[in-house]
Amino acid sequence: HCAYYLSRRTVILPALVYLWRSRDAATPVSITQNKAAAANFDDRVRSITIEWEQFADIAGADEYRRIIAVQNLHRALHVASGLVASPSLREVFLAGMQRLLALFGELDWHALGVRRALYLHLLGQADIDGFCRALALPMNGRVEQGADGRCYWVDPIEDDGLDLDHERLHVDFPSIGFFRI
């Protein structure tokens, strides 16, 4: 990200510059294929932290830095579904996400959609039980129009275990990561 930010222009090459390699079943999985491993996630948190700190000294880069932070949180959430099956990943994930959220401070998560924004809110509040409950909510969320004419995600409201501010469940359209189209 830093090289891209500091570059003066971007050139699109018409030639193949990256070749994705296939491995046979006997070959150990790559770091990309093993993204749910605890050590891999710990490395990801470390690299995200380094990148955040690297941008701190670049004048005028704060907005870009914050956009990258949101993208990195989005990528980090990709492994959340693996927490149930892996206690070691769960421990590293929860600690790592809370460190990142504390490091980044206030960010605008709306672009991630209501579901991921809820996950990040619960993680930031150290509400691990609530986060796990939210992970179990149906993927095809129900949205209903509220009395104020705005649309809200209904499933978390009906889950008695989640004590949430109604505003957190407001759905802005379009919203990624919520509906299956």
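Attention shifts here to the overall build of the chain. Of the regular secondary structure elements, the chain holds seven helices and two strands. The linear arrangement of helices and strands in the chain, starting from the amino end, is α-α-α-α-α-α-β-β-α. Residues counted as buried form 36% of the 181 residues belonging to the chain. Contacts spanning at least 24 positions in sequence make up 57% of the contacts within the chain whose residues lie at least 6 apart. Accessible area of the chain: about 11600 Å², with a carbon and sulfur share of 54%.

To continue, consider the pattern of salt bridges. Inspection of every chain in the model, using the stated rule, returns three salt bridges. Note that D42 and R99 form a salt bridge whose closest N and O atoms lie 3.8 Å from each other. Pair noted here: D42 is in helix α2 (residues 38-55) and R99 is in helix α4 (residues 87-104), with a separation of 57 residues, a long-range link. Take D42: its relative accessible area is 29%, and that puts it in the partly exposed class. Among the ionic pairs, D62 bridges to R65, the shortest N-O distance being 3.8 Å. Remark: R65 and D62 occur in helix α3 (residues 62-76); sequence separation between them is three residues, near one turn of the helix. Exposure remark for D62: the relative accessible area of 41% places this residue in the partly exposed category.

According to the stated counting rule, one finds one cavity of 30 Å³ or more in the structure shown. The computed volume of the largest cavity comes to approximately 40 Å³. As for the largest cavity, its lining consists of I48, E51, W52, F55, R65, I68, A69, N72 and F104. At the level of secondary structure, the elements contributing two or more residues to the lining of the largest cavity comprise α2 and α3.

With that settled, the discussion passes to a nonpolar patch on the surface. On the surface, a cluster of nonpolar side chains totalling about 630 Å² of accessible area is made up of V11, L13, V17, Y18 and W20. With respect to the helices and strands, the residue V17 is situated in the loop between α1 (2-6) and α2. Taking relative accessible area as the criterion, V17 reaches 66% and is therefore assigned exposed.

This brings us to the nonpolar core. By size, the foremost hydrophobic cluster in this structure holds 37 residues, and its most contacted members are L73, F93, M97 and F131. Sorting the residues of this core by element identifies α2, α3, α4, α5 (113-124) and α6 (128-135) as the ones contributing at least two each. Excluding anything up to four places from it in sequence, F131 contacts A80, L83, F93, L94, Y119, L122 and L123.

The subject of this paragraph is the packing of aromatic side chains. Per the counting criterion, the structure on display carries five aromatic pairs. Geometrically, the ring pair formed by F41 and F93 is tilted, given 5.1 Å between the ring centres and 45° between the ring planes. With F41 in helix α2 and F93 in helix α4, this residue pair connects regions lying 52 residues apart in the sequence. Given the relative accessible area of 0%, F93 is considered buried. With a centroid separation of 4.7 Å and an interplanar angle of 55°, the aromatic rings of W52 and F104 are classed as tilted. You can see W52 sitting in helix α2 and its partner F104 sitting in helix α4, a full 52 residues away along the chain. The exposure class of W52 is buried, given its relative accessible area of 8%. An aromatic cluster is defined as three or more aromatic residues linked by ring pairs; in this entry it consists of F41, F93, Y119 and F131. Across from the ring centre of W52, 3.7 Å away, lies the NZ or CZ of R65, which sits over that ring.

So, how was this worked out
- Residues numbered from 1 in each chain as written.
- Predicted model: local features only at pLDDT ≥ 70, side-chain atom pairs only at ≥ 80, totals over all residues.
- Heavy atoms only, no water.
- Helix = DSSP H or I, 4+ residues; strand = E, 2+ residues; numbered from the N terminus.
- Buried < 20%, exposed > 50% of the residue type's maximum accessible area, 1.4 Å probe, protein only.
- Contact = heavy atoms within 4.5 Å.
- Areas by Shrake-Rupley, 256 points an atom, 1.4 Å probe, with all protein chains shown as cover.
- Salt bridge = Lys/Arg side-chain N within 4 Å of Asp/Glu carboxyl O.
- 1 Å grid on protein atoms, 1.4 Å probe; cavity = no way out; pocket = protein on both sides within 12 Å on 5 of 7 lines; lining within 4 Å.
- Points joined across faces, edges and corners; volume = space filled by probe spheres on them.
- Patch = residues over 30% accessible without salt bridge, like charges linked within 9 Å, V, L, I, M, F, W, Y side chains within 5 Å.
- Core = buried A, V, L, I, M, F, W, Y, C linked by side-chain atoms within 4.5 Å.
- Phe/Tyr/Trp six-rings, centres within 6.5 Å; stacked < 30°, edge-to-face > 60°.
- Lys NZ or Arg CZ within 6 Å of the ring centre and 35° of its normal.

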